[in-house]
Amino acid sequence: MSRARGALCRACLALAAALAALLLLLLPLPLPLPLPLPRALAPARPPAPTPGPGPRAPPARAAAPRLRPDDVFIAVKTTRKNHGPRLRLLLRTWISRARRQTFIFTDGDDPDLQLQGAGSHVINTNCSAVHTRQALCCKMSVEYDQFIESGRKWFCHVDDDNYVNPEGLLQLLSTFSPSQDVYLGRPSLDHPIEATERVQGGGTVTTVKFWFATGGAGFCLSRGLALKMSPWASLGSFMSTAERVRLPDDCTVGYIVEGLLGARLRHSSLFHSHLENLWRLPPDSVLQQVTLSYGGPENPHNVVNVAGGFSLQQDPTRFKSVHCLLYPDTDWCPVQKQVDLASQ
C-alpha cells in the first residue's frame, strides 16, 4: 500500500514539473537591453542653426575719376602779328602754369615762340591772317581736329586776349561728365541769334535760332558732344557748315550744337570777354573767375579792378597782377606782395 502511494506521489510530481515547463515555454521572453553604439556609428547631432544673413550693405559706388590737367585741351587762337604784344604776356603768365595742356593756333611760323618755351605746342594752321569769318573758321576747324586726335576729355577755346585760371577751369569742368553733352560758355547777346540756313543743292532757305558762347570769353565742349559734332566739324567740314549760315567760328559752333544736334548751351558767368564792362566785376571775385580779358587800345580803361604789386602803367591789362595774386611764388612777382599774402 505504501509502495502504491509512493508511486502515485512520484507521478504527481512529474506531472507538475511537466506542466510548469509547458507554462514557461508559453511565456514571452524579455527583450535584451540595447547596447551603446560606437561613437562612429552614433547619430550626429543636427548642427546648430546659423543666423540668417542680415540686410546687405549697398555696394560701394566707384568714385568718379579725378579730372587731371592733361585731360583738358586748351586752344589759344592768335595771329602772327599778335605773337609779340599779346602772346608773350600769356606765355609769361597763365600758360607757364598750363604748358602741357595749352596749344597755340596761329597763321605763321615764329622761331621766337620756340625760344619762349612754346615748343611743339605751336601749330601753324596755314590759314589766312586776315580777320575774316572764313579765316576764323579755318583755325577753328584745325583746333577741332587736333583735339579729336589728342584723345583728351575736354576742349576749351580761348583768344589771345584771355587770361585763363587753370585751376578754376579744372574745378569747373570737374562738375560735369565728359561723356555727356556739355557746351559751356558765356553768350555775348541776351537773346538767341537768328540766322538764315542755306541747304546746298536744294536751294532751300530756312531760319534757325540758337544760343552761342562768344569765343572772346572762351568756351568748352565735352568730348562726348564734340564727337557728335563730327559730321559737321571734322576734316574741314566745319568750314562748309559755316557757309550754310555764313557766320564766324563761335557762332558756327553754337549752330552745330543747338541748331543741328539739339543740345543746349550752359550759360556761365565765370567766362569774360572784352565786350563786357570788366571794371564792374567785384574785386573780391576776380580770382574765382575762369577767364578774364581786357579792353585793348580802343578801350584801355576796361580792365578788372584788382590791387597788386604793379601800377596800371606797368600792367595795363592787369594780367600780371592777377597772376601774382594766384601764384605769388612766381619769380618775377614783387616780393612785397608775397610777404603781404603770407601774412594774410
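About the criteria used
- Residues numbered from 1 in each chain as written.
- Predicted model: local features only at pLDDT ≥ 70, side-chain atom pairs only at ≥ 80, totals over all residues.
- Heavy atoms only, no water.
- Pairing = 2+ DSSP bridges.
- Helix = DSSP H or I, 4+ residues; strand = E, 2+ residues; numbered from the N terminus.
- Axes fitted to C-alpha atoms, helices over the stretch in contact; angles between N-to-C directions.
- Contact = heavy atoms within 4.5 Å.
- Disulfide = S-S within 2.5 Å.
- Buried < 20%, exposed > 50% of the residue type's maximum accessible area, 1.4 Å probe, protein only.

*Asks:* Before we go on, may I ask you to explain the sheet that holds strand β9 (residues 219-222) in this structure?
*Replies:* Working definition: the strands of a sheet are paired by backbone hydrogen bonds and lie parallel or antiparallel to each other. An order of β3-β2-β1-β4-β9-β6-β10 is seen for the seven strands of this open sheet, with the pairing classed as mixed. The open sheet is flanked by β3 (122-124) and β10 (265-267), the only strands paired with a single partner. Taken pair by pair, the neighbouring strands of this sheet meet at an average axis angle of 25 degrees, ignoring direction. Judged from the three bridges that link them, strand β2 (residues 102-106) and β3 form a sheet pairing that is parallel. Following the sheet pairing, Thr-106 is matched in β3 by Asn-124. Helix α4 (residues 133-150) rests against β1 (72-77), β2, β3, β4 (154-159) and β9 of the sheet, and its axis sits at about 160 degrees to β1.

*Asks:* It is not clear to me how the state of the cysteines should be interpreted in this structure. Could you clarify?
*Replies:* Working definition: the covalent bond between the sulfur atoms of two cysteines is a disulfide. As enumerated under the stated definition, the model contains three disulfides in all. With a sulfur-sulfur separation of 2.1 Å, Cys-156 is cross-linked through a disulfide to Cys-220. A torsion of 110 degrees about the S-S bond marks the disulfide between Cys-156 and Cys-220 as right-handed. In this pair, Cys-156 sits in strand β4 while Cys-220 sits in strand β9, placing the two residues 64 residues apart along the sequence. Grouping residues by exposure puts Cys-156 and Cys-220 together as buried. Disulfide pairing is shown between Cys-324 and Cys-333; the S-S distance is 2.0 Å. Looking down the S-S bond of the Cys-324 and Cys-333 bridge, the torsion is -90 degrees, so its handedness is left-handed. One exposure class covers both Cys-324 and Cys-333, and it is buried. Numbered in order of appearance, the disulfide-bonded cysteines of the protein chain are paired 1-2, 3-4, 5-6. Cys-251 provides the cysteine sulfur closest to Cys-137, a residue in no disulfide bond, and the two sulfurs are 8.7 Å apart.

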